[in-house]
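One letter stands for each residue in the lines below.
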Amino acid sequence: MTNEEMWRLAKGIGNIQQNKEEALWMVDRVPKYVGRPLRNWLEIGCYGGGGLMMWSQMLADDGVMIGITLDDNFINLQQKVESITGKRTIILNMRSELEETKEAVINALNGERLDGVFVDGEHTFKQIEKETELYTPLVRTPGVFAYHDIAGGIGTNAEYYQQKRFNISYEEKRIPGNGMKGVGIFLL
Ligand SMILES: C[S@@+](CC[C@H](N)C(=O)[O-])C[C@H]1O[C@@H](n2cnc3c(N)ncnc32)[C@H](O)[C@@H]1O
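## Digging into the overall build of the protein
Right, on to step 1. For the protein, the helix and strand inventory stands at 7 helices and 7 strands.
Right, on to step 2. Ordered by position from N to C terminus, the α and β elements of the protein give α-α-β-α-β-α-β-α-β-α-β-α-β-β.
Right, on to step 3. The principal-axis extent of the C-alpha atoms belonging to the protein is close to 40 × 35 × 35 Å.
Right, on to step 4. In the protein, the proportion of contacts linking residues at least 24 apart, taken out of those at least 6 apart, comes to 70%.

Here is the structure:
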């Protein structure tokens, strides 16, 4: 399936909360940076599953898509994403900031590591700091840690991202007029 075709499904069935240009940029850019087929991807905050559908485009056929989310429909979400993408999907209905959730991700990885993470859950400074600290050590090098909504104000995830990027290689995509959105990718 082309990225455009998947975008239409992610929008129509998965209710994706991303900007189209930003999402397509990420799907194109991340595999080029990583330089190998991606096997394991983690999205924190999955909502209707549209993000998982888009990011699955980056995965190898036998790759594993892991989601952490608090939505009640998590079993349906797993089936929905898997049936559309054909990629093995594991949804953890757990709070992303907890050590036990990190342990569940490690179990899901079955001895492998992540190629990348996309965080789009609770948009606070404290939360994103904790998520970065917990999940970055699970990412292979080269790999990525990607943030959504990178242009918010004080106390938000965006403030954390903007401070942290001074000390790391990163790339961003922000579409003019797209409010607080935008994606930023730390290149690990
Ligand atoms: C903006 S939506 C995610 C949109 C999705 N990434 C997409 O691209 O369509 C935010 C999601 O974060 C989840 N969430 C919020 N706080 C969370 C937490 N502490 N742990 C796990 N998930 C959380 C919510 O359940 C919700 O599904």
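And the narrative resumes.
## What about the sheet that holds strand β1 (residues 38-44)?
Right, on to step 1. If you trace the 7 strands from one edge of the open sheet to the other, you get β3-β2-β1-β4-β5-β7-β6, paired in mixed fashion. Strand pairing shows two members of the sheet lacking a second neighbour, β3 (88-92) and β6 (170-173), which therefore form its edges. Strand after strand, the sheet turns through a mean of 15° between neighbouring axes, direction not considered.
Right, on to step 2. Bridge count between β6 and strand β7 (residues 183-187): 4 bridges; the pairing is antiparallel. By the bridge assignment, E172 is partnered in β7 with G184.

## Notes on helix α2 (residues 20-34)
Right, on to step 1. Relative to the 21 Å expected for 15 residues at 1.5 Å per residue, α2 spans 22 Å between its end C-alpha atoms, a close match to the ideal helical length.
Right, on to step 2. All of the buried residues along α2 are A23, M26 and V30.
Right, on to step 3. Contacts made by the buried residues of α2 are with α1 (3-12), α3 (50-55), β4 (114-119), β5 (139-148) and β7.
Right, on to step 4. The first or second residue beyond α2 is G35, which carries a positive phi of 75°.

## Some details on the nonpolar core
Across soluble globular proteins, you tend to see nonpolar side chains buried next to one another.
Right, on to step 1. In this structure, W41, L42, M54, M65, V117 and A146 are the most contacted members of the largest nonpolar core, which totals 47 residues.
Right, on to step 2. With 5 residues, the single largest contributor to this core is strand β2 (residues 59-68).
Right, on to step 3. W41 has contacts with W55, M58, L59, M65, I66, L114, D115 and G116, leaving out every residue within four places of it along the chain.

## Looking at unusual backbone geometry
Right, on to step 1. The omega angle of the peptide bond from T141 to P142 is -10°, so this bond is cis rather than trans.
Right, on to step 2. Mapped onto the elements of the fold, P142 is located in strand β5.
Right, on to step 3. Here N15, not a glycine, exhibits a phi torsion of approximately 50°, which is positive.

## Overview of the environment of Q162
Right, on to step 1. Take Q162: it is sitting in helix α7 (residues 157-164).
Right, on to step 2. Residue classification places Q162 among the partly exposed positions, given that 15 C-beta atoms sit within 10 Å.
Right, on to step 3. A C-alpha to C-alpha distance of 25 Å links Q162 and L52, two positions 110 residues apart in sequence.

## Description of helix α4 (residues 74-85)
A turn of α-helix holds 3.6 residues, and therefore any two residues three or four places apart point the same way.
Right, on to step 1. Along its 12 residues, α4 runs 16 Å from first to last C-alpha, staying within 8% of the 16 Å computed at 1.5 Å per residue.
Right, on to step 2. When α4 is considered as a whole, its buried residues turn out to be L77, Q78, K80, V81, I84 and T85.
Right, on to step 3. For α4, the secondary structure elements touched by its buried residues are α1, α3, β2 and β3.
Right, on to step 4. Two residues or fewer past α4, G86 is found with a positive phi of approximately 75°.

## Re the site of the ligand
Right, on to step 1. Within the structure, the ligand sits among 21 residues, and Q17, G45, Y47, G51 and G121 are positioned closest to it.
Right, on to step 2. Among the residues forming the shell around the ligand, the class breakdown is 6 nonpolar, 9 polar and 6 charged.

## Side note on the pairing of β3
Right, on to step 1. Note: β2 against β3, 5 bridges, orientation parallel. Within the sheet, the bridge partner assigned to I66 lies in β3 and is I90.
Right, on to step 2. In terms of handedness, the path from β2 via α4 over to β3 forms a crossover that is right-handed.

Conventions adopted
Residues numbered from 1 in each chain as written. Predicted model: local features only at pLDDT ≥ 70, side-chain atom pairs only at ≥ 80, totals over all residues. Helix = DSSP H or I, 4+ residues; strand = E, 2+ residues; numbered from the N terminus. Contact = placed C-beta atoms within 7 Å. Pairing = 2+ DSSP bridges. Axes fitted to C-alpha atoms, helices over the stretch in contact; angles between N-to-C directions. Expected span 1.5 Å × (residues − 1). Buried ≥ 20, exposed ≤ 12 C-beta atoms within 10 Å, placed from the backbone. Core = buried A, V, L, I, M, F, W, Y, C linked by C-beta atoms within 7 Å. Near = placed C-beta within 6 Å. Nonpolar A, V, L, I, M, F, W, Y, C, P; charged D, E, K, R; others polar. Right-handed = clockwise from strand over helix to strand, strands pointing away.

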